[in-house]
Structures are given as structure tokens and as C-alpha cells.
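The primary structure of each chain is shown beneath.
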Amino acid sequence: MSDCCSGACASTKPVVDPRYRRILWIALVINALMFGVELAGGLASDSVALLADAVDFLGDAGNYALSLLVLGSAVVWRSRTALFKGATMGAYGVFVLGKAAWHMVSGPVPEPVMMGSVGLAALIANGTVALLLYAYRDGDANMRSVWLCTRNDAIGNLAVMLAALGVFGTHSGWPDIGVALVMGCLALSAARQVIKQALTEMPKAQKSEPRRAD
């Protein structure tokens, strides 16, 4: 996978795939719905991990919408979109780390049952989308960013459930904070991969673009 991150792997999938388009629409709807569910759950349980994951669902819904807009466009535009999405993934990571730092100071203890229940629902949602997108994980930078977002979300959901168990066992908010820190670092790592591949693809795509006659 590291070779693919550096742009060495070429896409084996067609740029415009009706099945891929349908999957993106499904993912868009699921993420928009889960944003509302996790936002409500995060506020009700006072969980920074759930709130961070809710923001991630909202960002992913926007990313899927962007992917649908540029699907079938020139490679250079798909790379530029992936670059923007990488930047938003990085911004999300910074937000999560900042929120976790604030909870370290304020020290609220989240409600573990609510955390676990919402985390399970989110895991089922993201796991479904991840399975649908698995075949497109080695596509161009845009496809790869979509896959990485979904994969990271599923990992994050599982971590939220483990954090809920930790909060229940320790009566402390530190497991919740710890998961939020991991999610923030994971987002920053994925952002670096997407930005790196997009920057690699863009010069090649620009050279291959047909020039307009004067």
C-alpha cells in the first residue's frame, strides 16, 4: 500500500463506473444520516470521540459529494479535488486533537452505554460502505481518498466502542480522550498520503492535458 501512496500503482478501474457512482451516492446518504445520529449521541453522552466522529461523518458526506461532482472529469481536476479533500482531512485531525486537549482540561466523564450504542451503529454503517468501496481502494488519488476516509471511519468506530468499555470500567474520561487522540493522528496520516499522491499526479495530468489553440 505504501507504493500506491507514492503514486506507483496505476488505477485498474475505469474512471466512470456506474457501480462506483451508485456506491458514492449510498455512502453520501449514510454519512449524512450518521452525522445527525452521532452529533446527538455525542452531545447526549458528552463524548469527545463521538463528537469528533460526527464531524468526520459530515466531512465525509461533503467529500463523497465532491467525488460525485468530479467523477469523469479530467485527471487534473480529480487530483485537485483530492488535494482539497486531503487538506480537509488534515483540518479534521487538528480539530479532533484540539477538542481532546480541551477535554483533558475540563475532564468530563462521558456516558458509556450511549457511546457504545452509537459507536456500534456507526461501525455497521461505515463497515457496509467500506466493503462496497474495497474494490476501488487502489484507484487514483480521488478514489484512494474516499477509501481511506471510509476505512479510517470504521477503525474509529471500533475504537469508540472500546473507549466506551474503558469508560465503563474505569469511570474516567481518559479512554474517550485517548481514542480521540488516535483518531486525530489517523486523520493527519491519511491526509498526508492523499496530498502526497495528489501532488504526484497533478504535474503528470497537467502535461497530458490538451492545449487550446490560440
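First, a word on scope: everything that follows refers to the structure included in this document. What you see is a predicted model; the values in this text were computed from it and never measured.

With that settled, the discussion passes to the packing of helix α3 (residues 48-70) against helix α5 (residues 112-133). Where α3 meets α5, the closest approach of the two axes is 11 Å, and the angle between their N-to-C directions is 25°. Comparing the axis directions of α3 and α5 gives the class roughly parallel. Considering how the two elements wind past one another, α3 and α5 form a crossing that is left-handed. Between α3 and α5, the contacting residues are Leu-50, Asp-53, Phe-57 and Tyr-64 on the first element and Met-114, Met-115, Val-118, Gly-119, Ala-122, Asn-126, Val-129 and Leu-133 on the second. Here the residues of the contact of α3 with α5 are counted per class, giving nine nonpolar, two polar and one charged.

In contact at an axis separation of 7 Å, helix α2 (residues 18-45) and α3 are set at 160° when each is read in the N-to-C sense. Relative to α3, the element α2 is oriented roughly antiparallel. α3 is crossed by α2, and the crossing has left-handed handedness. Taken together, the residues that form the contact of α2 with α3 break down as 18 nonpolar, five polar and four charged.

With 23 residues, α3 extends 33 Å from end C-alpha to end C-alpha; this agrees with the ideal 33 Å at 1.5 Å per step. Of the residues flanking the start of α3, the one acting as N-cap is Ser-47, its side-chain oxygen 3.4 Å from the backbone nitrogen of Ala-49.

Right, let's talk about the side chain of Asn-157 for a bit. Looking at the element boundaries, Asn-157 is found in helix α6 (residues 141-170). Given a relative accessible area of 0%, Asn-157 falls into the buried group. At a separation of 2.7 Å, a polar atom in the side chain of Asn-157 contacts the side chain of Asn-126. Once residues lying within four places of it in the same chain are set aside, the contact partners of Asn-157 are Glu-38, Asp-53, Phe-57, Gly-119, Ala-122, Leu-123 and Asn-126.

Our next topic: the packing of aromatic side chains. The full count for this structure, using the stated rule, is zero aromatic pairs. Between the NZ or CZ atom of Lys-99 and the centre of the ring of Trp-102, over which it lies, the distance is 5.2 Å.

Turning to α2, a few remarks are in order. Taking 1.5 Å per residue as the helical rise, α2 with its 28 residues ought to reach 40 Å, and the 40 Å between its terminal C-alpha atoms agrees with that figure. Within α2, the full set of buried residues consists of Tyr-20, Ile-23, Leu-24, Ala-27, Leu-28, Ile-30, Asn-31, Met-34, Glu-38, Gly-41, Gly-42 and Ser-45. After α2 finishes, the residue Asp-46 shows a positive phi value of roughly 60°.

Moving on, we get to the environment of Pro-108. With respect to the element layout, Pro-108 can be found in the loop between α4 (75-106) and α5. Of the residues examined, Pro-108 reaches a relative accessible area of 19% and is grouped as buried. It is 9.9 Å that separates the C-alpha atoms of Pro-108 and Asp-176, two residues lying 68 residues apart in sequence. If sequence neighbours within four positions are ignored, Pro-108 has contacts with Asp-46, His-103 and Gly-173.

Below, the discussion takes up the nonpolar core. Core analysis: the biggest nonpolar cluster contains 29 residues, and Tyr-20, Leu-24, Tyr-64 and Leu-133 have the highest contact counts within it. For this core, the secondary-structure elements that each account for two or more residues are α2, α3, α4, α5, α6 and α7 (174-208). Among the elements that make up this core, the one with the highest residue count is α2 (seven residues). For Leu-24, the contacting residues outside a window of four places in its chain are Tyr-64, Ser-67, Leu-68, Leu-71 and Val-146. Grouped together as the second largest cluster of nonpolar side chains are 19 residues, Ala-52, Ala-159, Ala-163 and Met-183 included.

About the thresholds
- Residues numbered from 1 in each chain as written.
- Predicted model: local features only at pLDDT ≥ 70, side-chain atom pairs only at ≥ 80, totals over all residues.
- Heavy atoms only, no water.
- Axes fitted to C-alpha atoms, helices over the stretch in contact; angles between N-to-C directions.
- Helix = DSSP H or I, 4+ residues; strand = E, 2+ residues; numbered from the N terminus.
- Parallel < 35°, antiparallel > 145°, perpendicular 65-115°, else oblique.
- Left-handed = near helix turned anticlockwise from the far one by under 90°.
- Contact = heavy atoms within 4.5 Å.
- Nonpolar A, V, L, I, M, F, W, Y, C, P; charged D, E, K, R; others polar.
- Expected span 1.5 Å × (residues − 1).
- Polar contact = N/O pair within 3.5 Å; in protein donor to acceptor, adjacent residues only side chain to side chain.
- Buried < 20%, exposed > 50% of the residue type's maximum accessible area, 1.4 Å probe, protein only.
- Phe/Tyr/Trp six-rings, centres within 6.5 Å; stacked < 30°, edge-to-face > 60°.
- Lys NZ or Arg CZ within 6 Å of the ring centre and 35° of its normal.
- Core = buried A, V, L, I, M, F, W, Y, C linked by side-chain atoms within 4.5 Å.

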